[in-house]
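Chain and residue survey
Chain residues, written in single-letter form:
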Amino acid sequence: MRIANRLQNLRQALAAKASEAILISQPENRFYLSGFDGSAGYLLITPQTALLATDFRYIEQAKAQAPDYEIRRIAGNVADWLPGLAAELRLTSLSFEAAHTTCAAYRQLDAALDKTKSQVKLSPLDGLVESLRAIKEPEEINLIRQAAELADAAYEYVEAGIQAGMTEKEVAWEIEKTLREKGSQTIPFDIIVASGPNAALPHARPTSRVIGHGEPIVIDMGARIDGYCSDLSRTLCPGKRDDRFNEVYGIVLKAQQAAISSIKEGVTGEEVDAAARKYVEDAGYGEAFGHGLGHGVGLAAHELPHVAPDSSEPLIDGMIFTVEPGIYLAEWGGVRIEDMVLMENGEARVLSQARRI
Ligand code: ZN
C-alpha cells in the first residue's frame, strides 16, 4: 500500500517532467520506493512496469521485501545488462540519477547503448525522489519520532556522567554504546564530541584530547530506527562556566528560538535561516555562524529540505528538519544547539526533548 502510493507519486512526478522511465540507483531512494534494503540493486520504473534488478546475493531478499516489483537477476555492471532490458521494454528515453552515477559508469552505459544501436536517450534527473521523501508519511514520522526519543534518552544517560578528565573519544564511545544498547541500528553518522578549541570546528572528530573544566563541549549525535534517523546537538560545559560561554550560549539559544518561532506554513528555508542569522549578526557574531541553519532528516541524516540562505523552497506540512544555529570561535571553541522539528498543521513541533544546560 505504502509502496504503491509512493510509486504512484513518482510516476506523476515523472510524467510532469515528461520522462518515460527512470533508473534509480541511490540507496535510500531505492529503499523508499521498493522496501528492499539490500546494498546493491537498481529500480527501473516506467508508467507500466516496476523492475528491481539485483545480483544473486539478494534475489530472495528482494522477492520478500519488494512484492510490488518484478525481480530481475543481473550480473556485471549496469552497461552489461541495461541495454537488453531497455530494448525489451522498448524504451526510447531513460532518466538516471546523475548525482549518484559516476562519470565512468555513464560513459560505459552510453557506449554500450551505442554499440547495441539502442534508441534510448539518457537524461540526468536529480532530486525527484528526494523531493517526495521530504514530505513524511505518518509511519515515517512515527519512526523518526522514536529515533529522536532514543537519541534524547542516550544523550541524557551519558551526559549525566560527563566530567572533566574524560577524553572526547571516551564520551563518543559511551554515546555510541548507549545508542546501540537502547535499540538504535548502526548509528547514522559519526558522533561528534568536540571540546575546548576543537569545538570551534563544526565537524570535528573525537580525539584523545582530555576535556578540561569550564570548556565548551559540542556533542552531535543521532539514532536510527528501521532506517530512519534522528539528529541532535547539545553543548555543555563541565565545571564553572565563564562569561564568554554564557554569552555565546545565550545568543545561540535565542537564535534557535527566533528561527523556530518564525516557522509557519509556506515560509521558505531561507526565511527561517535568516531569522536565526539576523539574531546572531545583531549580537556581533555573524562571521562565526558559517553554516546553514538546518536540513531535512529521514532515511538519510541529511536530506531535503535545505534550511539555508539559498533555500527558496517553502516548508510545508509533513517535513521534518533540524534547526541548528552555531557560533564557532577559533582557539576558544563553539556552541551549537540542534533540535528536529516537524511541520504540522502549519506550525513547528519540536521533536527533540534532550535536556539543555
Ligand atoms: Zn544536523
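Residues numbered from 1 in each chain as written. Predicted model: local features only at pLDDT ≥ 70, side-chain atom pairs only at ≥ 80, totals over all residues. Heavy atoms only, no water.

**Looking at the sheet that holds strand β7 (residues 192-195)**
Read across the sheet, 3 strands follow the order β7-β8-β11 without closing on themselves; strand pairing throughout is antiparallel. Since the sheet does not close on itself, it has two edges, and those belong to β7 and β11 (232-236), each with one partner. The sheet shows a mean angle of 10° between the axes of neighbouring strands, direction not considered. Pairing between β7 and strand β8 (residues 217-221): 4 bridges, direction antiparallel. Bridged to Ala194 within β8 is Val218. (Pairing = 2+ DSSP bridges. Helix = DSSP H or I, 4+ residues; strand = E, 2+ residues; numbered from the N terminus. Axes fitted to C-alpha atoms, helices over the stretch in contact; angles between N-to-C directions.)

**Examining the pattern of salt bridges**
Per the stated rule, a full pass over the model turns up 20 salt bridges. Among the salt bridges present, the one from Arg57 reaches Asp55, with a minimum N-O distance of 2.8 Å. Judged by its relative accessible area of 52%, Arg57 is exposed. Owing to a relative accessible area of 17%, Asp55 belongs among the buried residues under this scheme. We note a salt bridge from Asp220 to Arg336, for which the minimum N-O separation is 3.0 Å. With a gap of 116 residues between them, Asp220 in strand β8 and Arg336 in strand β16 (residues 333-336) connect regions that are remote in the sequence. Taken individually, Asp220 and Arg336 each receive the classification buried, so the pair is uniform in this respect. One network of salt bridges, with partners in common, ties together Arg6, Glu137 and Glu140. (Salt bridge = Lys/Arg side-chain N within 4 Å of Asp/Glu carboxyl O. Buried < 20%, exposed > 50% of the residue type's maximum accessible area, 1.4 Å probe, protein only.)

**Looking at the packing of helix α7 (residues 138-159) against helix α8 (residues 168-181)**
Packed helices, taken two at a time, are described by their axes: the angle between them and the distance between them. Here α7 crosses α8 at 135°, and the two axes come no closer than 9 Å. Viewed along their axes, α7 and α8 adopt a mutual orientation that is oblique. With respect to the hand of their crossing, α7 and α8 are arranged in right-handed fashion. Contact with α7, carried on its side by Leu150, Ala151, Ala154, Tyr157 and Val158, involves Val171, Glu174, Ile175, Thr178 and Leu179 of α8 and no other residues of that element. Residue classes in the contact of α7 with α8 are distributed as 8 nonpolar, 1 polar and 1 charged. (Parallel < 35°, antiparallel > 145°, perpendicular 65-115°, else oblique. Left-handed = near helix turned anticlockwise from the far one by under 90°. Contact = heavy atoms within 4.5 Å. Nonpolar A, V, L, I, M, F, W, Y, C, P; charged D, E, K, R; others polar.)

**Concerning the side chain of Gln26**
Position of Gln26 among the secondary structure elements: in the loop between β1 (22-24) and α2 (27-34). Judged by its relative accessible area of 15%, Gln26 falls in the buried class. A distance of 2.8 Å separates the side chain of Gln26 from the backbone nitrogen of Asn29, its partner in a polar contact. (Polar contact = N/O pair within 3.5 Å; in protein donor to acceptor, adjacent residues only side chain to side chain.)

**A closer look at α2**
Taken together, the buried positions of α2 are occupied by Asn29, Arg30, Tyr32, Leu33 and Ser34. One or two steps after α2, the chain reaches Gly35, where phi turns positive at roughly 90°.

**Section: the domain arrangement of the chain**
Each domain of the chain was delimited in the assignment, giving domain 1 (3-133) and domain 2 (138-350). Measuring from the centre of the C-alpha atoms in domain 1 to the corresponding centre in domain 2 gives 35 Å. Between domain 1 and domain 2, the residue contacts involve 7 residues of the former and 6 residues of the latter. Across the domain 1 to domain 2 interface the summed buried area is about 590 Å²; carbon plus sulfur atoms make up 55%. Of all residues in domain 1, Glu28, Phe31 and Arg133 give up the largest surface area on contact with domain 2, accounting jointly for 61% of the area buried on that side. Across the contact surface, domain 1 and domain 2 share 2 salt bridges. Between Glu140 and Arg6 there is a salt bridge whose closest N-O contact spans 3.8 Å. For the interface between domain 1 and domain 2, the tally reads 1 residue pair in polar contact (both at pLDDT 80 or more). For the side of domain 1 that touches domain 2, the elements supplying multiple residues, two or more each, are α2 and α6 (128-134). Of the residues assigned to the side of domain 1 that touches domain 2, the class counts are 2 nonpolar, 1 polar and 4 charged. (Domains from an automatic or database assignment. Buried area = accessible area lost by both parts, 1.4 Å probe.)

**Digging into the pairing of β8**
Within β8, 5 of the 5 residues are buried, which leaves it mostly tucked inside the rest of the structure. Here β8 shows two buried faces, one formed by Ile217, Ile219 and Met221 and the other by Val218 and Asp220. Looking at chain direction, β8 and β11 are connected through 5 bridges and run antiparallel. Looking at the pairing, Asp220 lines up with Ser233 of β11.

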